[in-house]
Amino acid sequence: MSDSAPADEWPLFEVFVRGKRGLNHVHVGSLHAPDEEMALHSARNLYTRRNEGVSIWVVRASAITASSPDEKDPFFAPSGDKVYRHPTFYPIPDDVPHI
Amino acid sequence: MAMEPAAVRDRPTGQELTADFDARIAAHQRIEPRDWMPEGYRSTLVRQIAQHAHSEIIGMQPEGDWLTRAPSLRRKAILLAKVQDEAGHGLYLYAAAETLGVDRADLTQRLIEGRQKYSSIFNYPTLTFADVGVIGWLVDGAAICNQVPLCRSSFGPYARAMVRVCKEESFHQRQGYELLLQMMAGTPAQRTMVQDAVDRWWWPSLMMFGPPDADSPNTRQSMAWGIKRDTNDELRQKFVDMSVPQAVALGVTLPDPDLAWNAERGHHDFGAVDWAEFKRVVSGGGQCNAERVSRRRAAHEEGAWVREAAAAYAAKHQGTGQGDDR
Ligand SMILES: [Fe+2]
Ligand SMILES: [Fe+2]
């Protein structure tokens, strides 16, 4: 045991919680844990003390591949020019019901 | 859009980055961890979030002192839940700080070496169980005043941590106030105890908002960056205005002869805060500074074997497939 051990040897996990049945898991934060099992326990204690969820995912942060967050990034360009993917692209007369 | 060589497009200039950042702040958009940000913005946030996290962690101690002496099982369970929440607040905040590229273990090290500060309020002792109630009412109340505007902080992870914290703080304040209501309905000795606790905690609570605006040179920049939403004096005034009717309902007197409603201002006037005391306590001269930090250090060092054992277990079982031997 030494005081000068590497600052924090426990890897970082990202935590996702399903608030209730029928909803997606949503990212709620992160934590450090030695392994997956401990990460789940800690996630329960840290992020669901008040029944905030019915299911938890923990994922090693190092396992996540992310796009650049910049909105102007070309990565998002393919959807930027495909407005026809959105329902509002299609004008429908006001008197047509239920659409 | 004009055609430019790819290499030029790939590497935005410092000016472009600053312009993008400023535009995002001006549009009240959130800054996320992987966005470019000015170094001053990052370091200010790291300092503020770390100090906030340390306060939550050290803040467990004054009330923790009463866990084994709570007067009933009900109060003990409530206090345990509250103290556990504060640990959680500290962890949400350390996690938010880590998104800025710092390391939680390093921040803890800086705390126990006295290189980073925490709120001066936690350097006062909790002398009676009424202190537990008054901390919930006033100290958590002041924290709520400070934290609600931070839910709109320009830095996404900090704002999201604050939303979570604020939801839990209202339980903290209400349990404290209810505890005091019950004591005020008790014996004369209990009522005296409550008043005594109010007398001791009122002024330190006002100091929680930090030095007066005139002595807070960084406020301007922090507000421009959306890191701070209100000035120290604005928040202090808000807290006083909120607390006065609560004190009346409770039947206690706030220890300030100058406290009076000012119809013209639409606010309460109040007496001068003893800033010399504040400076003394912040710089280590409070009653409990040494005790708080050494307790934190002891907890950290005594927990080392647990962290090491868990890491060793994880290393041993790595690659064997999860749960192979269970
Ligand atoms: Fe808290
Ligand atoms: Fe609290």
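All values reported here derive from a predicted model rather than from experimental measurement.

We now examine the packing of aromatic side chains. Considering all chains together, one arrives at 11 aromatic pairs over all chains under this definition. On the basis of an interplanar angle of 25° and a centroid distance of 5.6 Å, the ring pair of Tyr47 of chain A and Tyr92 of chain B is categorised as stacked. Separated into two different chains, Tyr47 of chain A in helix H1 (residues 36-47) and Tyr92 of chain B in helix H5 (residues 73-98) make up a pair that spans both. Here Tyr47 of chain A and Tyr92 of chain B have matching classes, each one buried. Between Trp137 of chain B and Tyr177 of chain B the ring centres are 5.8 Å apart and the planes differ by 70°, which places this aromatic pair in the edge-to-face class. A residue pair is termed long-range when its members are at least 10 positions apart, and Trp137 of chain B in helix H7 (residues 129-147) and Tyr177 of chain B in helix H8 (residues 156-184) qualify at 40 residues.

A separate point is the coordination of the iron ion (ligand 2). All names here are of chain B. Here the iron ion (ligand 2) is held by the protein donor atoms Glu86 (OE), Asp140 (OD), Glu169 (OE) and His172 (ND1), which lie 2.0 to 2.2 Å from it. Considering all four donor atoms around the iron ion (ligand 2), angles at the metal cover 83 to 168° and the coordination shape is irregular. Read in sequence order, the donor residues coordinating the iron ion (ligand 2) give the pattern E-x53-D-x28-E-x2-H. Taken as an interatomic distance, the gap from the iron ion (ligand 2) to the iron ion (ligand 1) is 3.3 Å; Glu86 donates to each of them. Remark: Glu169 occurs in helix H8 and Asp140 occurs in helix H7; sequence separation between them is 29 residues.

A few words now on the packing of H8 of chain B against helix H9 (residues 188-207) of chain B. Residue and element names in this part refer to chain B. Put simply, H8 and H9 touch, their axes get as near as 8 Å, and they point 140° apart. Regarding the angle of H8 to H9, the classification is oblique. For the pair H8 and H9, the contacting residues are Leu180, Met183 and Met184 in the first and Gln190, Arg191, Met193 and Val194 in the second.

Here we take up the coordination of the iron ion (ligand 1). A four-donor tetrahedral metal ideally has 109.5 degree angles, and a six-donor octahedral metal ideally has angles of 90 or 180 degrees. Residue and element names in this part refer to chain B. Within the protein, the iron ion (ligand 1) binds to Glu56 (OE), Glu86 (OE), His89 (ND1) and Glu169 (OE); these donor distances fall in the range 2.1 to 2.3 Å. Classification of the site at the iron ion (ligand 1) as irregular follows from its four donor atoms and the range of 82 to 151° in their angles at the metal. One chain supplies every donor for the iron ion (ligand 1), spaced along it as E-x29-E-x2-H-x79-E. Looking at Glu56, the relative accessible area reads 7%, which means it is buried.

Once that is clear, we can look at the pattern of salt bridges. In the structure shown here, the tally under the stated rule is 22 salt bridges over all chains. Here Arg24 of chain B makes a salt bridge to Asp35 of chain B, at a shortest N to O gap of 3.6 Å. With a gap of 11 residues between them, Arg24 of chain B in helix H2 (residues 14-26) and Asp35 of chain B in the loop between H2 and helix H3 (39-58) connect regions that are remote in the sequence. Asp35 of chain B matches Arg24 of chain B in its accessibility class, with the two residues each being buried. Residue Arg110 of chain B pairs with Asp106 of chain B through a salt bridge whose shortest N-O separation is 2.9 Å. One end of the pair, Arg110 of chain B, and the other, Asp106 of chain B, are both in helix H6 (residues 104-112), four residues apart, so they sit about a helical turn from each other. You can call Asp106 of chain B partly exposed: its relative accessible area is 30%. Salt bridges sharing common partners tie together Arg49 and Arg50 of chain A together with Asp85 and Glu168 of chain B.

Let us look at the side chain of Asn232 of chain B. Residue and element names in this part refer to chain B. Here Asn232 shows up in helix H11 (residues 232-250). Polar side-chain contacts of Asn232 include one of 3.3 Å to the backbone oxygen of Phe209. A distance of 2.9 Å separates the side chain of Asn232 from the backbone oxygen of Pro211, its partner in a polar contact. The contacts of Asn232, once residues within four sequence positions are left out, are Phe209, Gly210, Pro211, Asp213 and Ser216.

This part covers the interface of chain B and chain A. Taken together, the contact pairs 27 residues of chain B with 25 residues of chain A. If you look at where chain B meets chain A, you find four salt bridges. Across the pair Asp85 of chain B and Arg50 of chain A runs a salt bridge whose closest N-O atoms are separated by 2.4 Å. At the boundary of chain B and chain A, one finds nine residue pairs in polar contact (both at pLDDT 80 or more).

About the thresholds
Residues numbered from 1 in each chain as written. Chains lettered and ligands numbered in written order. Predicted model: local features only at pLDDT ≥ 70, side-chain atom pairs only at ≥ 80, totals over all residues. Heavy atoms only, no water. Phe/Tyr/Trp six-rings, centres within 6.5 Å; stacked < 30°, edge-to-face > 60°. Helix = DSSP H or I, 4+ residues; strand = E, 2+ residues; numbered from the N terminus. Buried < 20%, exposed > 50% of the residue type's maximum accessible area, 1.4 Å probe, protein only. Donors = N, O, S within 2.8 Å, 3.2 Å for Na, K, Ca; no water. Tetrahedral: all angles 85-135°; square planar, octahedral: opposite > 155°, others 65-115°. Axes fitted to C-alpha atoms, helices over the stretch in contact; angles between N-to-C directions. Parallel < 35°, antiparallel > 145°, perpendicular 65-115°, else oblique. Contact = heavy atoms within 4.5 Å. Salt bridge = Lys/Arg side-chain N within 4 Å of Asp/Glu carboxyl O. Polar contact = N/O pair within 3.5 Å; in protein donor to acceptor, adjacent residues only side chain to side chain.

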